[in-house]
Amino acid sequence: MRRKFWKLKNIRQKIILGNEKIISFRDGVEAIKKYVGIFVEDELTKILTVQMWTAESRMKTKIKKFLPTYSEEILADIEKSPDKIFESANKAQAILKNLRREKIFPTAESSTEEIFHELKIIFHGSECEIKNKDGFNYQPETILKGVAAYEFLLMLKSAEKQKIWLEFSYRDYAHGKFLISEKDFEILAEESVTDFLKSRLDKNRQEILKNPLALKKYISPKIMVRTEDIFNQINLESENFQSAMKYFEQEEITYLQSC
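Residues numbered from 1 in each chain as written. Predicted model: local features only at pLDDT ≥ 70, side-chain atom pairs only at ≥ 80, totals over all residues. Heavy atoms only, no water.

Colleague: How should the overall build of the chain be read in this particular structure?
Modeller: Counting its secondary structure elements, the chain contains ten helices and four strands. Evaluated residue by residue, the chain yields a buried proportion of 40% over its 259 residues. For the chain, restricting intrachain contacts to residue pairs at least 6 apart in sequence, the fraction spanning at least 24 positions comes to 67%. Total accessible area on the chain is roughly 15,600 Å²; 52% of this is exposed by carbon and sulfur atoms. (Helix = DSSP H or I, 4+ residues; strand = E, 2+ residues; numbered from the N terminus. Buried < 20%, exposed > 50% of the residue type's maximum accessible area, 1.4 Å probe, protein only. Contact = heavy atoms within 4.5 Å. Areas by Shrake-Rupley, 256 points an atom, 1.4 Å probe, with all protein chains shown as cover.)

So, in structure tokens, the structure goes:
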């Protein structure tokens, strides 16, 4: 996991900070492709991300020979399902947005105040009292941000089993009110906060994607929307969430290393 974290960090440094090893436009294109590859596998998203980055760079060069080309397989897929190009374009925009906002800090210089600054937890309430590290009770509707929000989640690993209602927001992802049940505590006790959140917050979407019939539980029959459109949206939301959690995992590693 640590190796994966440093791989991502090194790629971002090359793209964002202008590492002296990048000496050509081709190197920049390859760095972007490697960066995208950390989040998605499909070639269409990689191509669109490179093209969008190239357009934004406004470099005065003959860029056509550096750009990836569409294979016959990709063109056939687009012809069969035109919506794929819009889905991949949305993914590419999200990846570039994350890249533009990213800042690199050497681990030795990082402090806990510099991480989780985009994390917010709303504690709506619980069955039993929950105390903070100073011994005071968390009051219902308490809003926690940054490191304090992460430490609240970390504290739940050893908290009394009960029902807890929370909201979760991180970077561009926001998850409405959800329940942590007694059963969830068994998973939380054995996994990292990242792995627990990935499992709990994406559970319903994954259930639908793996079992399309489960969609009936969540959608009223009166809603006139194409099932295919719903699945595409659910899949995109799931991918965006998983992408955001990759950054959350990096920040969790940095926090735990500093303790």
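The rest of the description comes next.
Colleague: Which parts of the structure should I look at to understand a negative patch on the surface?
Modeller: Taken together, the side chains of Glu127, Glu160, Glu182, Glu186 and Glu190 make up a negatively charged region of the molecular surface. Here Glu186 is to be found in helix H7 (residues 182–190). (Patch = residues over 30% accessible without salt bridge, like charges linked within 9 Å, V, L, I, M, F, W, Y side chains within 5 Å. Salt bridge = Lys/Arg side-chain N within 4 Å of Asp/Glu carboxyl O. Lys, Arg positive; Asp, Glu negative; His and termini not counted. Charge placed at Lys NZ, Arg CZ, Asp CG, Glu CD.)

Colleague: Mind showing me how you'd approach the nonpolar core here?
Modeller: Most often, soluble globular proteins have nonpolar side chains that are buried together. With 47 residues, the main nonpolar core has Phe152, Leu153, Leu156, Leu166, Phe168, Leu197 and Phe248 as its most contacted residues. Setting aside chain neighbours within four positions, we find Phe152 in contact with Ile121, Phe123, Ile130, Tyr138, Leu144 and Leu166. (Core = buried A, V, L, I, M, F, W, Y, C linked by side-chain atoms within 4.5 Å.)

Colleague: What am I meant to see in the pairing of strand S1 (residues 119–126) here?
Modeller: The side chains of a regular strand alternate, residue by residue, between the two faces of the sheet. A large share of S1 lies buried, amounting to six of its eight residues. In this structure, S1 lies alongside strand S3 (residues 164–170), joined through seven bridges in antiparallel fashion. Pairing of Phe123 across the sheet is with Leu166, part of S3. For S1 and strand S2 (residues 142–145), the ladder comprises four bridges, and the chain directions are antiparallel. Counterpart to Ile121 in the pairing with S2 is Leu144. (Pairing = 2+ DSSP bridges.)

Colleague: What am I meant to see in H7 here?
Modeller: Within an α-helix, residues lying three or four positions from one another point in the same direction, as the helix has 3.6 residues per turn. Residues Asp184, Phe185 and Leu188 constitute the buried set of H7. When H7 is viewed along its axis, its buried side chains cluster within an angular range of 105° and face the same direction. Opposite the buried face of H7, at more than 90 degrees from it, the exposed residues are Lys183 and Glu190. The elements touched by buried residues of H7 are S3, strand S4 (173–180) and helix H8 (193–201). (Arc of directions from axis to C-beta.)

Colleague: Help me understand the environment of Thr45, please; the structure alone is not making it clear to me.
Modeller: Relative to the helices and strands, Thr45 is located in helix H3 (residues 43–57). Along the chain, Thr45 and Ala92 lie 47 residues apart, while their C-alpha atoms are 5.7 Å from each other. Apart from the residues lying within four places of it in its own chain, the contact partners of Thr45 are Val36, Val40, Ser88, Lys91, Ala92 and Ile95. Of the polar contacts made by the side chain of Thr45, one reaches the side chain of Ser88; its length is 3.3 Å. (Polar contact = N/O pair within 3.5 Å; in protein donor to acceptor, adjacent residues only side chain to side chain.)

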